[in-house]
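Per-entry structural report
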Amino acid sequence: MNITETLIKQVSDIAVKAGEAILDIYHSGEKIKVSVKSDHTPLTIADKQAHDIIVHGLADIDNTVPIVSEEGADIPYEERRHYEYFWCVDPLDGTKEFIFRRDEFTVNIALIHINRPVLGIIYAPVYKTLYTGCAAFGSWSKRGGEAATKLSADKAATEWTAIGSRSHASAGEDEALRAYPVVSHIAAGSSLKFCSIAEGAAHIYYRHGPTMEWDTAAGQAIAESSGAVMTTIDGKPFLYNKPSLLNGGFICKVR
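Procedures and definitions
- Residues numbered from 1 in each chain as written.
- Predicted model: local features only at pLDDT ≥ 70, side-chain atom pairs only at ≥ 80, totals over all residues.
- Heavy atoms only, no water.
- Buried < 20%, exposed > 50% of the residue type's maximum accessible area, 1.4 Å probe, protein only.
- Helix = DSSP H or I, 4+ residues; strand = E, 2+ residues; numbered from the N terminus.
- Pairing = 2+ DSSP bridges.
- Salt bridge = Lys/Arg side-chain N within 4 Å of Asp/Glu carboxyl O.
- Axes fitted to C-alpha atoms, helices over the stretch in contact; angles between N-to-C directions.
- Contact = heavy atoms within 4.5 Å.
- 1 Å grid on protein atoms, 1.4 Å probe; cavity = no way out; pocket = protein on both sides within 12 Å on 5 of 7 lines; lining within 4 Å.
- Points joined across faces, edges and corners; volume = space filled by probe spheres on them.
- Phe/Tyr/Trp six-rings, centres within 6.5 Å; stacked < 30°, edge-to-face > 60°.
- Lys NZ or Arg CZ within 6 Å of the ring centre and 35° of its normal.

In the case of a regular strand, side chains alternate between the two sheet surfaces. The buried count for strand E14 (residues 228-232) comes to four of five residues, which makes it a mostly enclosed element. The pairing of E14 with strand E16 (residues 250-254) spans five bridges and is classified as antiparallel. Residue Thr232 lies in a different strand from E16, and its bridge partner there is Phe250.

Dropping the structure here:
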């Protein structure tokens, strides 16, 4: 599957459309109804609506490319393991941020080739900001009607800012960061942590606790296309389409 400017635009438009549907619910003034999935994570009508928009939109682009989405992820590994390309989707990343009306939630869409994310699209609906990243075109951000901005990780920094989760911080992560020249810490929700590294606002994101593949795929593509690197905690490549879609710990940092 060739990654072209046309494909990036098509997928970006799908992410924005899903984000606007989420935003309609977010700003409706009605109480957000929450159910709990079998893995004990929250689910809202916004997750479901965004999922439907994305699945239908990606199928319109090419209905032969499989989709692994948080809201439709129960595809057996025996089937998934044969995928050469697939879309890895989190229709609403940061559901807790959404529920508690904190603005840092996103729509994540990534294209995986074999075991690596080769294209990442992240849209932050409240901020009207779109992030894209792939090796051929680099990483970019675009806010509303403004011109797109090329993103570059801040590889020259000698004093680093660490970014971490607003909802999932752990003491072990603070201990691990002592190995790096970290002088300040900031927090953010959802995949925006990867975007902060891509745009040079942060230098390292260390995550010890578990995530799912759709939580990290788009962010990894954007961060790495800006010049950052993402590995497992012990420095091995961070791979996708594993027998279990549950991720281990990782480090995303400037080189």
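Let's pick the thread back up.
Once their charged atoms are close, side chains differing in charge can pair, the charge on each being opposite to the other. Within the structure shown, the criterion is met by six salt bridges. Linking Glu224 and Arg116 is a salt bridge whose minimum nitrogen-to-oxygen distance equals 3.3 Å. Pair noted here: Glu224 is in helix H7 (residues 213-225) and Arg116 is in strand E6 (residues 116-124), with a separation of 108 residues, a long-range link.

Strand order across the open sheet formed by seven strands is E3-E4-E5-E6-E7-E8-E9, with mixed pairing between neighbours. One side of each edge strand has no neighbouring strand; the edge strands of this open sheet are strand E3 (67-69) and strand E9 (149-151). On average, adjacent strands in this sheet sit at an angle of 20 degrees to one another, irrespective of strand direction. Of the strand pairs in this sheet, strand E5 (residues 106-113) and E6 are connected by seven bridges, and their pairing is antiparallel. The partner of Val107 across the bridge, within E6, is Tyr123. Against the sheet, helix H2 (residues 45-61) touches E3, strand E4 (85-93) and E5, its axis set at about 155 degrees to E4.

Okay, the side chain of Thr211 next. With respect to the helices and strands, the residue Thr211 is situated in strand E13 (residues 211-212). Not counting the four nearest positions on each side in its chain, Thr211 is found in contact with Thr216, Leu245, Leu246, Asn247 and Phe250.

The next subject is the layout of surface pockets. Roughly 420 Å³ of volume is contained in the second largest pocket. Taken together, 20 residues line the second largest pocket, and the ones lying closest to its centre are Ile8, Ser12, Leu130, Thr132 and Lys142. The set of elements that each furnish at least two residues to the lining of the second largest pocket consists of helix H1 (5-26), strand E7 (129-134) and strand E8 (138-143). For the lining of the second largest pocket, the element with the highest residue contribution is H1, accounting for six residues.

Right, let's get into the packing of aromatic side chains. Scanning the entire structure with this criterion turns up ten aromatic pairs. Centroid distance Tyr83 to Phe86: 5.8 Å. Interplanar angle 50 degrees. Geometry classified as tilted. Given a relative accessible area of 13%, Tyr83 falls into the buried group. When the ring of Phe194 is compared with that of Tyr205, the centres are 5.2 Å apart and the planes differ by 70 degrees; the resulting orientation is edge-to-face. One end of the pair, Phe194, is in helix H6 (residues 192-198); the other, Tyr205, is in strand E12 (residues 204-207), and eleven residues separate them in sequence. Under the relative-accessibility criterion, Tyr205 is labelled buried at 3%. Ring-pair connections join several aromatic residues into one group, and the members of that group are Phe194, Tyr205, Phe238, Tyr240 and Phe250. Over the face of the ring belonging to Tyr26 we find Arg101, whose NZ or CZ atom lies 5.6 Å from the ring centre. For Lys242, the ring lying beneath its charged end belongs to Tyr240, and the centroid distance is 5.9 Å.

Keep in mind these values describe shape, not function.
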